[in-house]
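Architecture at a glance
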Amino acid sequence: MCHGDVTVTPFKWLHDANGHVIEPTTKEGALHQCVNWDKIASWTESRRVDLFDPDLLVLEQ
């Protein structure tokens with residue numbers, strides 16, 4: 001947690017010699033940038049959604 005990194009990390013599927021899917025792995029080459037963890041936490045907290053809020057979804061009439 002001391003190195004907050006909000007870089008989007010894409011994945012790809014690894015295949016064996018017969019073409020069968022083995023497992024997912026990250027694609028290489030993404031640029032990373034460390035950021036202030038407190039700022040990330042504050043940003044996410046200000047945008048969170050309370051899934052238990054009864055007024056979150058409104059049924060259309």
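Residues take numbers from 1 onward in each chain, read along the sequence in its written order. Residues qualify for local features only when their pLDDT is at least 70, as the model is predicted, and side-chain atom pairs are given and counted only at 80 or more; totals for whole chains, interfaces and linings, by contrast, use all residues. Water and hydrogen atoms play no part in the side-chain values, which are based on all heavy atoms of the structure.

UniProt positions are given in the numbering used here, feature names are shortened, and annotations may be inferred rather than shown by experiment. In its Sequence similarities (unreviewed entry) section, the UniProt entry covering the chain states "Belongs to the ustYa family."

Our next topic: the overall build of the chain. By definition, any uninterrupted DSSP run of H or I lasting at least four residues is a helix, any uninterrupted run of E lasting at least two residues is a strand, and each is numbered from the N terminus. Assigned secondary structure in the chain consists of one helix and four strands. The buried label goes to any residue with under 20% of its type's maximum accessible area, the exposed label to any with over 50%, and the partly exposed label to all in between, with areas taken from a 1.4 Å probe on protein chains only. A burial count over the chain gives 3% of its 61 residues as buried. Pairs of residues are marked as contacts when any of their non-hydrogen atoms sit within 4.5 Å. In the chain, once contacts between residues fewer than 6 apart in sequence are set aside, the share between residues at least 24 apart is 34%. Of the accessible surface of the chain, which amounts to about 6,100 Å², a share of 57% is contributed by carbon and sulfur atoms. Only the protein chains shown count as cover for residues, with accessible areas throughout obtained via the Shrake-Rupley method and a probe of 1.4 Å.

With that settled, the discussion passes to the pairing of strand β2 (residues 11-15). Strand pairing follows a simple DSSP-based rule, namely that at least 2 bridges must link the two strands. Here β2 runs beside strand β3 (residues 21-26); their pairing, made up of five bridges, is antiparallel. Across the sheet, the residue bridging to lysine 12 is threonine 25, located in β3. Counting the residues in the hairpin turn of β2 and β3 gives five residues, including glycine 19, whose phi is positive at 85 degrees.

Attention now moves to the pattern of salt bridges. We define a salt bridge as a contact between a side-chain nitrogen of Lys or Arg and a carboxyl oxygen of Asp or Glu at a distance within 4 Å. Under the defined criterion, the tally for this structure stands at one salt bridge. The salt bridge partner of arginine 48 is glutamate 45, with a shortest N-O separation of 2.8 Å. Note on arginine 48: relative accessible area 53%, which makes it exposed. With a relative accessible area of 48%, glutamate 45 lands in the partly exposed category.

Before going further, it helps to examine the confidence of the model for the chain. Averaged over all residues, the pLDDT of the chain equals 78, while 75% of them reach at least 70. Within the chain, no element has a lower average pLDDT than strand β1 (residues 4-5), which sits at 63, and none a higher one than helix α1 (residues 37-46), at 86. Per-residue confidence from the predictor is reported as pLDDT, a score between 0 and 100.

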